[in-house]
Amino acid sequence: MPTSPLPSPATIGDALTREVRRGIVRQVRAVFNDQAKGEKPVVRSADALFDRETIVWRVHGDVTTMMVGGVAALLLQMLHPAVLAGVWDHSNFRTDMLGRLRRTARFIAMTTYGARGEAEAAIARVRGIHDHVAGVLPDGTPYRAGDPRLLAWVHVTEAVSFLDAWIRYSEPGMSAADQDRYFAEFARIPEALGADPVPRSRAEAEALIAAMRPALMADARTREVAALVLEQPARTRASGPVQAITFQAAVDLLPDWARRMHGLAGPRLTRPLVRAGTFGIARTLRWAFG
């Protein structure tokens, strides 16, 4: 009876490579999409708010730099007492910090790559949520999530963090002109949410952060939320080291003044180790996603 030829080592190697890549992609997608709610990855649309030639499309498509920048942005945002109060008073952050990170990542993905109608619907949903988030700070000052200046703070911290993570771990030689284009392009999302002022260049972004710094503070509540962000358990044992390095890269990305406010001397691992590890993670995920 004739027998089928054994597969060649090259064929076996290709099959194993494909399976490894698929496994990595599945793990990453499980982090960013709540499968219990039926969420699926956002599909890149030809009818997105941003076209393929934009800087926003380029920057927002890298998994590692968006994770690093997203965590750094959250740490910056919570230094504003009104942002912190909104999280403290109106969310279940103690039991679902991953959910908050997921929602932010999904909103960015949807408004960058999703079909125009879906992106506009996502913006409308967020505006509707903001309309119902309000309260009073511990010192008696009222706050509301829809405050244009507060929305501007949330946006500028995200934009700067996403871009700086991209520059550090993907495009160190990014031109100043492309950086300014990124801010100008990305501005359409915070403007649609009602933010004001919205920076349209690197210089305007840095000026806005400098102008907002006198309003920032850190207290026991800030430290509690920051600890929940940085010390949340990994979804799986295998993803633990990746999460740890990514979160330490986010601490490393923070401006010195922000680390001091949080009481973070720097990443727990040495900077060269954190950066080398993050470069390795970035290269692996780019390979897996093709």
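Refer to the structure printed above.
Model, not experiment: these values are computed from the prediction.

**Comments concerning the nonpolar core**
One finds Leu-75, Met-78, Trp-153, Tyr-182, Phe-186, Ile-189 and Trp-257 to be the most contacted residues of the largest nonpolar core, which totals 69 residues. Per-element tally for this core: the top contributor is helix α7 (residues 148-169), with 13 residues. What Leu-75 contacts, discounting residues up to four positions off in sequence, is Ala-226, Leu-230, Val-251, Leu-254 and His-262.

**A look at helix α10 (residues 202-212)**
For α10, every residue scored as buried is listed here: Arg-202, Ala-205, Leu-208, Ile-209 and Met-212. Seen along its axis, α10 keeps its buried residues to an arc of 125°; they face one direction. Those residues of α10 hidden inside the fold are in contact with α7, α8 (176-186) and α13 (256-262).

**Digging into the pattern of salt bridges**
Applying the stated rule across the entire model yields 12 salt bridges. When the shortest N-O distance is used, the salt bridge between Asp-47 and Arg-116 registers 3.6 Å. With Asp-47 in the loop between α1 (9-32) and α2 (55-59) and Arg-116 in helix α6 (residues 116-130), this pair connects stretches of sequence that are 69 residues apart. Among the ionic pairs, Arg-181 bridges to Glu-185, the shortest N-O distance being 3.3 Å. Of this pair, Arg-181 and Glu-185 both sit in helix α8, 4 residues apart, which is roughly one turn of that helix. Classification of Arg-181 as partly exposed rests on a relative accessible area of 38%. Accessibility expressed as a relative area gives 16% for Glu-185, which makes it buried.

**Some remarks on the packing of helix α3 (residues 63-77) against helix α14 (residues 271-289)**
Packing of α3 against α14 leaves a shortest axis separation of 8 Å and a crossing angle of 135°. With respect to their mutual orientation, α3 and α14 come out oblique. Contact residues: α3 offers Val-63, Thr-64, Thr-65, Met-67 and Val-68, while α14 offers Thr-278, Ile-281, Ala-282, Leu-285, Arg-286 and Phe-289. Of the residues belonging to the contact of α3 with α14, the class tally is 7 nonpolar, 3 polar and 1 charged.

**Quick notes on empty space enclosed by the protein**
Think of a ball as big as a water molecule: rolled over the atoms, this probe shows where empty space is left. Applying the stated rule across the entire model yields 1 cavity of 30 Å³ or more. The calculated volume of the largest cavity comes to roughly 60 Å³. Looking at the largest cavity, it is lined by 10 residues, and the ones nearest its centre are Leu-74, Met-78, Val-87, Arg-100 and Val-225. At the level of secondary structure, the elements contributing two or more residues to the lining of the largest cavity comprise α3, α4 (81-90), α5 (97-113) and α11 (220-230).

**Side note on the side chain of Arg-221**
Among the structural elements, Arg-221 can be located in helix α11. For the buried Arg-221, no salt bridge is present, and the opposite-charge side chain at shortest range is Asp-89, 4.4 Å distant. Leaving out residues up to four positions away in the same chain, Arg-221 has contacts with Leu-84, Ala-85, Trp-88, Asp-89 and Pro-138.

**Some words on the side chain of Thr-112**
Relative to the helices and strands, Thr-112 resides in helix α5. Since its relative accessible area comes to 1%, Thr-112 is described here as buried. Engagement of the side chain of Thr-112 in a polar contact is seen with the side chain of His-60, the distance being 2.9 Å.

How each quantity is defined
- Residues numbered from 1 in each chain as written.
- Predicted model: local features only at pLDDT ≥ 70, side-chain atom pairs only at ≥ 80, totals over all residues.
- Heavy atoms only, no water.
- Core = buried A, V, L, I, M, F, W, Y, C linked by side-chain atoms within 4.5 Å.
- Buried < 20%, exposed > 50% of the residue type's maximum accessible area, 1.4 Å probe, protein only.
- Helix = DSSP H or I, 4+ residues; strand = E, 2+ residues; numbered from the N terminus.
- Contact = heavy atoms within 4.5 Å.
- Arc of directions from axis to C-beta.
- Salt bridge = Lys/Arg side-chain N within 4 Å of Asp/Glu carboxyl O.
- Axes fitted to C-alpha atoms, helices over the stretch in contact; angles between N-to-C directions.
- Parallel < 35°, antiparallel > 145°, perpendicular 65-115°, else oblique.
- Nonpolar A, V, L, I, M, F, W, Y, C, P; charged D, E, K, R; others polar.
- 1 Å grid on protein atoms, 1.4 Å probe; cavity = no way out; pocket = protein on both sides within 12 Å on 5 of 7 lines; lining within 4 Å.
- Points joined across faces, edges and corners; volume = space filled by probe spheres on them.
- Lys, Arg positive; Asp, Glu negative; His and termini not counted.
- Polar contact = N/O pair within 3.5 Å; in protein donor to acceptor, adjacent residues only side chain to side chain.

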